[in-house]
Structure formats: C-alpha cells, structure tokens
Amino acid sequence: RVGGVPVWTGENGVALPPDALPRDFAQVVRGFVADPARYTALSASAREVYETRLNWEAWGESVSGLLRREVARQRFGQASLPLRRSAMLRRIEARF
C-alpha cells in the first residue's frame, strides 16, 4: 500500500499486485474489452463507491456524525455506552 484512492477489486477497479507486469494490466483491459457488460457493471459500482465512500462530502458526513454522537454521549454522561456505527462507517473501517 502506498496511499491514494483505495481500490477494491470488483467494487471500484482491479487491484494488481505491486509486482504486476504490463502484460497483467493488459490482461485486465482485454477482459473488459471481451466482456463490456462486466466493464459497465464495474463502472456503475465504482461510481456508487465514490458517491458513498470516496469523496470529501461523504467522509465529512461520516466524521461529523461520529463526532456529534460522541459529544452527545459525553455531554449526557453516557460515555460507557457503545457507539453505534452506521453500516457505511463499518464498511469503511473494515477496509482500512
């Protein structure tokens, strides 16, 4: 891992290993050329991932929600209660 936008194979792209060769990349491209429906499905999925997880607005909303809930827990003396995480946040945490 070197940073940047995370790639989850089948969700928002195809992650090749660091030692992948140009022919490995070409094989992925040929696979999409041979199966345009697969490419279209991946494109739609990648857009969904961007809209829900990989943009500043989604990230800000997620962090804002966590902070608001934590402040409310602290303010009302319920710090021992478990913090409920949204399904989106659980997915984010599972990825990183």
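Above this text is the structure in question.
The sections below set out a description of the structure shown in this document.

Rules and cut-offs
- Residues numbered from 1 in each chain as written.
- Predicted model: local features only at pLDDT ≥ 70, side-chain atom pairs only at ≥ 80, totals over all residues.
- Heavy atoms only, no water.
- Helix = DSSP H or I, 4+ residues; strand = E, 2+ residues; numbered from the N terminus.
- Buried < 20%, exposed > 50% of the residue type's maximum accessible area, 1.4 Å probe, protein only.
- Contact = heavy atoms within 4.5 Å.
- Areas by Shrake-Rupley, 256 points an atom, 1.4 Å probe, with all protein chains shown as cover.
- Axes fitted to C-alpha atoms, helices over the stretch in contact; angles between N-to-C directions.
- Parallel < 35°, antiparallel > 145°, perpendicular 65-115°, else oblique.
- Nonpolar A, V, L, I, M, F, W, Y, C, P; charged D, E, K, R; others polar.
- Phe/Tyr/Trp six-rings, centres within 6.5 Å; stacked < 30°, edge-to-face > 60°.
- Lys NZ or Arg CZ within 6 Å of the ring centre and 35° of its normal.
- Salt bridge = Lys/Arg side-chain N within 4 Å of Asp/Glu carboxyl O.

Some remarks on the overall build of the chain
A tally of helices and strands in the chain yields four helices and zero strands. Start at the N end of the chain and walk to the C end: the helices and strands fall as α-α-α-α. Relative to its 96 residues, the chain shows a buried fraction of 17%. Considering only residue pairs separated by 6 or more positions, the chain has 56% of its internal contacts joining residues 24 or more positions apart. About 7500 Å² of surface is accessible on the chain, with carbon and sulfur atoms providing 59% of the total.

Quick notes on the packing of helix α1 (residues 22–34) against helix α2 (residues 36–52)
Where α1 meets α2, the axes come as close as 5 Å, and the angle between the chain directions of the two elements is 105°. Relative to α2, the element α1 lies roughly perpendicular. Together, Gly 31, Phe 32, Val 33 and Ala 34 of α1 and Pro 36, Arg 38, Tyr 39 and Leu 42 of α2 make up the contact between the two elements. Among the residues making up the contact of α1 with α2, the classes are represented as six nonpolar, one polar and one charged.

Comments concerning the packing of aromatic side chains
Scanning the entire structure with this criterion turns up one aromatic pair. Judged by centre distance (5.7 Å) and plane angle (70°), the ring pair of Phe 32 and Tyr 39 falls under edge-to-face. In this structure Tyr 39 comes out as partly exposed when scored by relative accessible area, which is 48%. Lying across the ring of Phe 32, Arg 38 places its NZ or CZ 4.4 Å from the centre.

Some points on the environment of Ala 46
Its location among the elements puts Ala 46 in helix α2. A relative accessible area of 23% places Ala 46 in the partly exposed class. Here Ala 46 is in contact with Glu 11 and Asn 12, once residues within four sequence places are set aside.

Some words on the pattern of salt bridges
Taken as a whole and assessed by the stated rule, the structure comprises two salt bridges. Taking the shortest distance from any N to any O, the salt bridge between Arg 53 and Glu 11 comes out at 2.6 Å. Separated by 42 residues along the polypeptide, Arg 53 in the loop between α2 and α3 (56–75) and Glu 11 in the segment before α1 bring together distant segments of the chain. Linking Arg 47 and Glu 51 is a salt bridge whose minimum nitrogen-to-oxygen distance equals 2.6 Å. Remark: Glu 51 and Arg 47 occur in helix α2; sequence separation between them is four residues, near one turn of the helix. In this structure Glu 51 comes out as partly exposed when scored by relative accessible area, which is 41%.

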